[in-house]
Amino acid sequence: MTSTAELPSSRGPLSDAVRNILLGSPPPGGLPTDEAASADPFGDDLQLALYMAYEPHYRGFQGVPDSREWDLELLRLRGAMEEAFLGALRAAASGGDDVTAELDALLAELVEGHGVSHELMHDGTWEQMREYLAHRSLYQLKEADPQAWVIPRLEGQAKASLVAVEFDEFGGGHGENVHARLFADLMEGAGLDARYGRYLEFAPAVTLAPVNVMSLFGLRRALRGAMVGNFATLEITSPPGARRMAKALERLGAGEQCTRFFTEHVEADAVHEQVMRRDVIGDLLAREPELAGDVAFGIRASVLLESRWEEHVLAAWREGRSSLRPGAPDINRPADHPTAPR
């Protein structure tokens, strides 16, 4: 994995303005803050612009100085886009503050599911598997960096337990076991380019939005409850999906280099589920019961964005087309390619 991503092409006035700011050029026509309010909050332009605006807080972009992280124009435009995105999320994922009910709903998985992992387990092709991995790489190659922002915003048992979960995500003290590294190994085993941010150019808005919401929640102290809800959602829903993905890879003939990422999550996240529910959320709400609505919102928003992604991918596959934007490399390479899994 390389440490920085290539700066993607813009997809509209917002992402074009962010790109210009990152490269040190004032946006032609001034800062388009008004356009942020009128843009599609779930659309390609705003979601790519947000992703690009957040990336300086992570590993950054090639050719972009580290000082851009705190560029005032970038932060002002990002704030306008965040308000549009957050407002749309609150409207689309509205509800009450019953955290227990929201958590219980995450565990009520249908016996006959029809999600992306079900499709891949039963009938998926290597082409579809590579598409899935390209989509997921936008988060998995930075797993669980966004959630780390919430650590200094917690206290007591909630902080200690969340750090324990993060410790596992970051390899338990062993660099070769960092989950982002395991995902890179999986991508390489599947014949994909595992460079950080390699598939950003080809990721649609529905892929960027779930990653952006993690950065949005994590970077705002006022949304610490939503960030905890988001993290709990990931940990609780991970084991069944990871189990199906491991089976899908085994069915396709993949080896341990590919399956290890998912088998690791089956074991680790089954424990994390209880830690997040009892020790992180439980202790947080015992200290700050007024955050129950935010925790519940974080869960609903995460489920909403994941559902939108699943619908997009499955619709594309049903229609016999790619779920990625055009031009993604390595997806359609021949099955007898020298690096193809056996």
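Since the model is a prediction, treat every value here as computed from it, not as a measurement.

Draft legend 1. The pattern of salt bridges, seen in detail. Counted under the stated rule, the structure contains 17 salt bridges. Between Asp 44 and Arg 325 there is a salt bridge whose closest N-O contact spans 3.4 Å. Linking Asp 44 in helix H3 (residues 44-54) with Arg 325 in the segment after helix H14 (292-318), this pair joins segments that are 281 residues apart in sequence. The partly exposed category is assigned to Arg 325, whose relative accessible area is 28%. A salt bridge links Glu 82 to Arg 78; the shortest N-O distance between them is 3.3 Å. With Glu 82 and Arg 78 both in helix H4 (residues 72-92) and four residues apart, this pair spans about one turn of that helix. Given a relative accessible area of 4%, Glu 82 falls into the buried group. With a relative accessible area of 11%, Arg 78 lands in the buried category. Connected through salt bridges with shared partners, the residues Arg 78, Glu 82, Glu 83 and Arg 220 form a single ionic network.

Draft legend 2. Seen up close, helix H5 (residues 99-107). Among all positions of H5, only Val 99, Glu 102, Leu 103 and Leu 106 are buried. Along H5, the residues classed as buried sweep out an arc of 95° about the axis, all on the same side. On its buried side, H5 packs onto helix H12 (224-251), helix H13 (256-287) and H14. Capping the start of H5, Asp 98 holds a side-chain oxygen 3.3 Å from the backbone nitrogen of Thr 100, two or three residues further along.

Draft legend 3. Fine view of unusual backbone geometry. Here the bond from Glu 143 into Ala 144 is cis, since omega is -20°, no more than 30 degrees from zero. You will see that Asp 330, though not glycine, has its phi angle at about 75°, which is positive. For Asp 330, the position within the fold is in the segment after H14.

Draft legend 4. Molecular detail of the side chain of Ser 15. Secondary-structure assignment places Ser 15 in helix H1 (residues 13-22). Judged by relative accessible area, Ser 15 falls into the buried class, the value being 0%. Among the polar contacts listed, one links the side chain of Ser 15 to the backbone nitrogen of Gly 12, at a separation of 3.2 Å. Separated by 2.7 Å, the side chains of Ser 15 and Asp 45 make a polar contact. Once residues within four sequence positions are removed from consideration, Ser 15 is found in contact with Ser 10, Asp 45, Leu 48, Ala 49 and Met 52.

Draft legend 5. A look at the packing of aromatic side chains. Under the defined criterion, the tally for this structure stands at six aromatic pairs. Taking 6.2 Å as the distance between ring centres and 70° as the angle between the ring planes, the aromatic pair formed by Tyr 58 and Trp 149 counts as edge-to-face. Linking Tyr 58 in the loop between H3 and H4 with Trp 149 in the loop between helix H8 (145-148) and helix H9 (156-169), this pair joins segments that are 91 residues apart in sequence. With a centroid separation of 5.0 Å and 85° between ring planes, the pair formed by Phe 261 and Phe 262 is classed as edge-to-face. Residues Phe 261 and Phe 262 agree in their burial class; the two are buried. We note Arg 136 situated over the ring of Trp 309; from NZ or CZ to the ring centre the distance is 3.9 Å. Positioned above the aromatic ring of Tyr 58 is the side chain of Lys 142, whose terminal nitrogen or guanidinium carbon lies 4.1 Å from the ring centre.

Draft legend 6. View of the packing of H4 against H14. Across the interface, H4 lies against H14 with an axial gap of 9 Å and an inter-helix angle of 95°. Judged by the angle between their axes, H4 and H14 are roughly perpendicular. Listed contacts from H14 to Phe 85, Leu 86, Leu 89, Arg 90 and Ala 92 of H4 are Asp 294, Phe 297, Ala 301, Leu 304 and Leu 305. Residues that form the contact of H4 with H14 fall into these classes: eight nonpolar, no polar and two charged.

Draft legend 7. Seen up close, the environment of Leu 141. Note that Leu 141 resides in the loop between helix H7 (126-140) and H8. Separated by 37 residues in the primary sequence, Leu 141 and Val 178 place their C-alpha atoms 9.8 Å from one another.

Draft legend 8. Representation of the nonpolar core within the structure. In terms of nonpolar packing, the biggest core is built from 111 residues, with Val 18, Met 81, Phe 85, Met 129, Phe 217 and Phe 262 touching the most fellow members. Residue contacts for Phe 262: discarding those within four places in its chain leaves Tyr 132, Leu 186, Ala 242, Met 245, Ala 246 and Leu 249.

Cut-offs applied
- Residues numbered from 1 in each chain as written.
- Predicted model: local features only at pLDDT ≥ 70, side-chain atom pairs only at ≥ 80, totals over all residues.
- Heavy atoms only, no water.
- Salt bridge = Lys/Arg side-chain N within 4 Å of Asp/Glu carboxyl O.
- Helix = DSSP H or I, 4+ residues; strand = E, 2+ residues; numbered from the N terminus.
- Buried < 20%, exposed > 50% of the residue type's maximum accessible area, 1.4 Å probe, protein only.
- Arc of directions from axis to C-beta.
- Contact = heavy atoms within 4.5 Å.
- Polar contact = N/O pair within 3.5 Å; in protein donor to acceptor, adjacent residues only side chain to side chain.
- Phe/Tyr/Trp six-rings, centres within 6.5 Å; stacked < 30°, edge-to-face > 60°.
- Lys NZ or Arg CZ within 6 Å of the ring centre and 35° of its normal.
- Axes fitted to C-alpha atoms, helices over the stretch in contact; angles between N-to-C directions.
- Parallel < 35°, antiparallel > 145°, perpendicular 65-115°, else oblique.
- Nonpolar A, V, L, I, M, F, W, Y, C, P; charged D, E, K, R; others polar.
- Core = buried A, V, L, I, M, F, W, Y, C linked by side-chain atoms within 4.5 Å.

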